[in-house]
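Each chain, letter by letter, is given below.
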Amino acid sequence: MADDTTIRKGPGRVLVAIYGVFALATSARASVQIATKFGDAPLAYTLSALAAAVYIVATVALARGARRVALAACGFELLGVLSVGTLSVVDSEAFPDATVWSDYGQGYGYVPLVLPVVGLWWLLRTKKNEST
């Protein structure tokens, strides 16, 4: 079994930090939205909470070197941002308020779209390097 500590070194540390910031930001945003105005846009706020949970899982998995869990979280995140991003563009009325993943993460500078791609790339790149 390969040593998964390499995913936590170098750029991996930056990735953990960025995921950590997103976990904190999206958790806070979703918590406030759900606590104060859930009835206004329940789908959007539930999806924001789901995004927050995914960022938390990804952060912990990357920080602990749990490659399979991190791959699953990044893959789910990419699927989520692509799905919700497309739905929010095609049917904007279904999203009266934005989620983290709405419009492909436009409200967060498209980082939610780029982050899982970078995460998956890093996880696959370090796995290849460990095999050699």
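Residues numbered from 1 in each chain as written. Predicted model: local features only at pLDDT ≥ 70, side-chain atom pairs only at ≥ 80, totals over all residues. Heavy atoms only, no water.

With that out of the way, let us pick up the pattern of salt bridges. The full count for this structure, using the stated rule, is 1 salt bridge. A salt bridge links aspartate 97 to lysine 37; the shortest N-O distance between them is 3.6 Å. On the criterion of sequence distance, the pair formed by aspartate 97 in the loop between helix H3 (67-90) and helix H4 (111-131) and lysine 37 in helix H1 (residues 11-37) is long-range, its members being 60 residues apart. The class of lysine 37 is partly exposed, set by a relative accessible area of 33%. (Salt bridge = Lys/Arg side-chain N within 4 Å of Asp/Glu carboxyl O. Helix = DSSP H or I, 4+ residues; strand = E, 2+ residues; numbered from the N terminus. Buried < 20%, exposed > 50% of the residue type's maximum accessible area, 1.4 Å probe, protein only.)

Within the fold, glycine 119 resides in helix H4. For glycine 119, a relative accessible area of 0% puts it in the buried group. Separated by 92 residues in sequence, glycine 119 and serine 27 place their C-alpha atoms 20 Å apart.

Over its 24 residues, H3 runs 34 Å from end to end, which matches the ideal 34 Å to within 8%, given 1.5 Å per residue. Along H3, the residues that are buried comprise Arg67, Ala70, Ala73, Cys74, Glu77, Gly80, Val81, Val84, Gly85 and Ser88. (Expected span 1.5 Å × (residues − 1).)

So far we have only geometry, and geometry alone does not tell us how the molecule works.
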